[in-house]
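Given next are the chains, with one letter for each unit.
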Amino acid sequence: MIEVLKFYSDPLLRKVDIELFKTYAFKDQFTVSAEESMDIFSLEKEELTYGEAIWSSIDQILKFINPDKDMVFYDLGCGTGRVCFFANIKYHLKAYGIDLLPTFINNAEKIKNKFSLEDVHFIKNNWLNFDFSNADIIYVAGTCLNDETLSELTNKLKSIKKNTYVISVSNELKSEDLSLVKSMYLPFSWGRANVFISIKN
Ligand SMILES: C[S@@+](CC[C@H](N)C(=O)[O-])C[C@H]1O[C@@H](n2cnc3c(N)ncnc32)[C@H](O)[C@@H]1O
């Protein structure tokens with residue numbers, strides 16, 4: 001409800017959100033994730049557990065960062081792409097969403113094309129194997145990531161540009177290359193979580 005009151009005055013955000021709602025009305029994103037991760041990985045992979053950010057939380061994070069238009073934003077594990085759509089439409093960022101699950105990427109691409117959103121891109125890949133070193137802002141909802149993946153990610157962040165913002169949910173990514181600039185406690189689909197905003201040294 002809060003999302004509707006706060007963000008539906010923007011016609012494009014409203015239309016994209018209604019399209020997302022229609023896309024997942026028959027089979028919701030939680031079911032898609034549960035079924036597809038089971039099909040593709042043949043057993044339940046805990047790291048693929050689905051949950052979503054709400055727009056007002058992403059808004060608070062991006063308000064704090066105050067990004068320039070056209071900065072490059074990555075959502076590592078983008079799910080339906082809802083965060084990328086928001087970052088592009090509300091903050092005019094070049095948004096890239098990466099996810100392992102084909103249904104999420106195919107549906108997000110259809111919505112991007114339907115509304116001719118040229119600066120939103122969806123990539124079916126494992127972000128651990130993807131080069132995102134052109135990022136200005138990286139967001140990862142890493143609540144379900146295991147210690148091994150978190151450490152691989154932290155290692156991968158050594159190659160990103162100085163001053164890149166790294167936003168991580170639930171788990172702070174600690175390394176000598178990252179300085180924590182802000183922590184917040186914000187609502188997500190599964191409840192409130194700590195959000196850590198760091199900057200690359
Ligand atoms: C908790 S959901 C977050 C969705 C969205 N980013 C948000 O915050 O609303 C995590 C997503 O990451 C994807 N995922 C997990 N590990 C991944 C990996 N190594 N590469 C690509 N996608 C991954 C899952 O399929 C899932 O869609």
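For the structure, check the block above.
Let us look at the structure shown here.

Calculation notes
Residues numbered from 1 in each chain as written. Predicted model: local features only at pLDDT ≥ 70, side-chain atom pairs only at ≥ 80, totals over all residues. Heavy atoms only, no water. Helix = DSSP H or I, 4+ residues; strand = E, 2+ residues; numbered from the N terminus. Rg over C-alpha atoms; globule rule 2.2 N^0.38 Å. Buried < 20%, exposed > 50% of the residue type's maximum accessible area, 1.4 Å probe, protein only. Contact = heavy atoms within 4.5 Å. Areas by Shrake-Rupley, 256 points an atom, 1.4 Å probe, with all protein chains shown as cover. Phe/Tyr/Trp six-rings, centres within 6.5 Å; stacked < 30°, edge-to-face > 60°.

The helix and strand tally for the protein stands at seven helices and seven strands. The linear arrangement of helices and strands in the protein, starting from the amino end, is α-α-α-α-β-α-β-α-β-β-α-β-β-β. Its C-alpha atoms give the protein a radius of gyration of 16 Å, within 12% of the compact-globule value 17 Å for 201 residues. Dimensions of the protein, computed from the C-alpha atoms along their principal axes, are close to 45 × 40 × 30 Å. Counting only residues that meet the buried cut, the protein has 50% of its 201 residues in that class. Taking the contacts inside the protein whose residues are at least 6 apart along the sequence as the reference set, 68% of them involve residues at least 24 apart. Accessible surface for the protein amounts to roughly 9,900 Å². Of this, 50% is attributable to carbon and sulfur atoms.

The next thing to look at is helix α5 (residues 82-91). Of all 10 residues making up α5, nine are buried, and the element is well covered by its neighbours. Buried within α5 are the following residues: Arg82, Val83, Cys84, Phe85, Phe86, Ala87, Asn88, Ile89 and Tyr91. Once α5 finishes, His92 follows within two positions and takes phi at roughly 55°, a positive value.

This model, assessed by the stated rule, comprises 12 aromatic pairs. Residues Phe7 and Trp55 carry aromatic rings whose centres are separated by 6.1 Å and whose planes lie at 85° to one another, so their mutual orientation is edge-to-face. Taken as a pair, Phe7 in helix α1 (residues 2-7) and Trp55 in helix α4 (residues 55-65) lie far apart in primary sequence, 48 residues in all. When the centroid spacing of 5.4 Å and the interplanar angle of 80° are considered together, the rings of Phe30 and Tyr50 count as edge-to-face.

Function cannot be read off these values alone, since they describe shape.
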